[in-house]
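Okay, here's what each chain looks like letter by letter:
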Amino acid sequence: MMDVETPKLGQRIAVIGCSGSGKSTLAQALAKAKGIPYVNADGLLFCDSNWTERPKTEFYALIQQHLAGDSFTYDGNIGGSQQIVLPRIDTLIWLDYPRHFVMRRLLWRTIHRAWTKQPLYAGCTESWRMSFASRDSILLYAWRSHGKRKAQYEALWPTLDPAITKVRVRNQAQCDAMLQAVL
């Protein structure tokens, strides 16, 4: 595992972590700094403004298509798409933040998105009702899945191909330092 302050990031980067950890923000910043394409898994998953998910086979085909190039930053959790994503990357960044940090960040992001009706993937928007009074709430999902994601990535980490640069980021200061080194 590389020191996060001086990583040598490749040209095919995946950023993983639980919901609300900042995967998209970091992946977009890396893509911009390196001048390479940005691929957002949620942008490929949702196909209409009602948060409808594409069929898995179509979703996986889109991931494969978008990761076919020589360079990209990809953000998203790689559960079912692991067999597609891992063989294509040379760098894996895991945003492994504590639950309390992620939930605070996600709460403010969710409030902002519900207030502004900021369009997301395929025109989807977060609403007050969906975010705070629904069984499909991103906040509830993030709370419930945080430990599962951490366990999934803990198990994955030692099994990764040694040729993949692995960067495990445990706090925002480490993330900022890594990004600053790329800029």
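Just so it is clear, the structure is predicted and the values come from calculations on it, not from any experiment. (Residues numbered from 1 in each chain as written. Predicted model: local features only at pLDDT ≥ 70, side-chain atom pairs only at ≥ 80, totals over all residues. Heavy atoms only, no water.)

Chemist: So what about empty space enclosed by the protein? Which residues, and what values?
Modeler: All chains considered together, the criterion is met by one cavity of 30 Å³ or more. By volume, the largest cavity is sized at about 50 Å³. Every residue lining the largest cavity is listed: Gly 17, Cys 18, Trp 94, Leu 95, Asp 96, Tyr 97, His 146, Arg 149, Lys 150 and Tyr 153. For the lining of the largest cavity, the elements supplying multiple residues, two or more each, are strand E4 (91–95) and helix H7 (138–156). When residues in the lining of the largest cavity are grouped by element, the largest group, four residues, is from H7. (1 Å grid on protein atoms, 1.4 Å probe; cavity = no way out; pocket = protein on both sides within 12 Å on 5 of 7 lines; lining within 4 Å. Points joined across faces, edges and corners; volume = space filled by probe spheres on them. Helix = DSSP H or I, 4+ residues; strand = E, 2+ residues; numbered from the N terminus.)

Chemist: So what's going on with the pattern of salt bridges? Residues and values would help.
Modeler: Side chains that differ in charge, positive against negative, can pair when their charged atoms come close. Inspection of every chain in the model, using the stated rule, returns nine salt bridges. A salt bridge links Arg 54 to Glu 58; the shortest N-O distance between them is 3.0 Å. The partly exposed category is assigned to Glu 58, whose relative accessible area is 36%. In this structure, Asp 96 and Arg 168 form a salt bridge, with 2.8 Å as the shortest nitrogen-oxygen distance. Here Asp 96 is found in the loop between E4 and helix H5 (99–116), whereas its partner Arg 168 is found in strand E5 (residues 165–169), with 72 residues between them in sequence. The exposure class of Arg 168 is buried, given its relative accessible area of 10%. Linked by salt bridges that have partners in common, Asp 96, Lys 150, Glu 154, Arg 168 and Arg 170 make up one network. (Salt bridge = Lys/Arg side-chain N within 4 Å of Asp/Glu carboxyl O. Buried < 20%, exposed > 50% of the residue type's maximum accessible area, 1.4 Å probe, protein only.)

Chemist: Lay out the confidence of the model for the protein in plain terms, naming residues and giving numbers.
Modeler: With 96% of its residues at a pLDDT of 70 or more, the protein has an overall mean of 92. Across the protein, element-level confidence peaks in strand E1 (residues 12–17) with a mean pLDDT of 98 and bottoms out in helix H6 (residues 128–132) with 88. (pLDDT = per-residue confidence, 0-100.)

Chemist: So what's going on with the side chain of Thr 91? Which residues, and what values?
Modeler: Residue position: Thr 91 is located in strand E4. For Thr 91, the side chain forms a polar contact with the main-chain nitrogen of Gly 10, separated by 2.8 Å. In terms of polar contacts, Thr 91 uses its side chain to reach the side chain of Asp 90, at 3.0 Å. With residues near it in sequence (within four places) discarded, Thr 91 still touches Leu 9, Gly 10, Arg 12, Ile 13, Ala 14, Ile 164 and Thr 165. (Polar contact = N/O pair within 3.5 Å; in protein donor to acceptor, adjacent residues only side chain to side chain. Contact = heavy atoms within 4.5 Å.)

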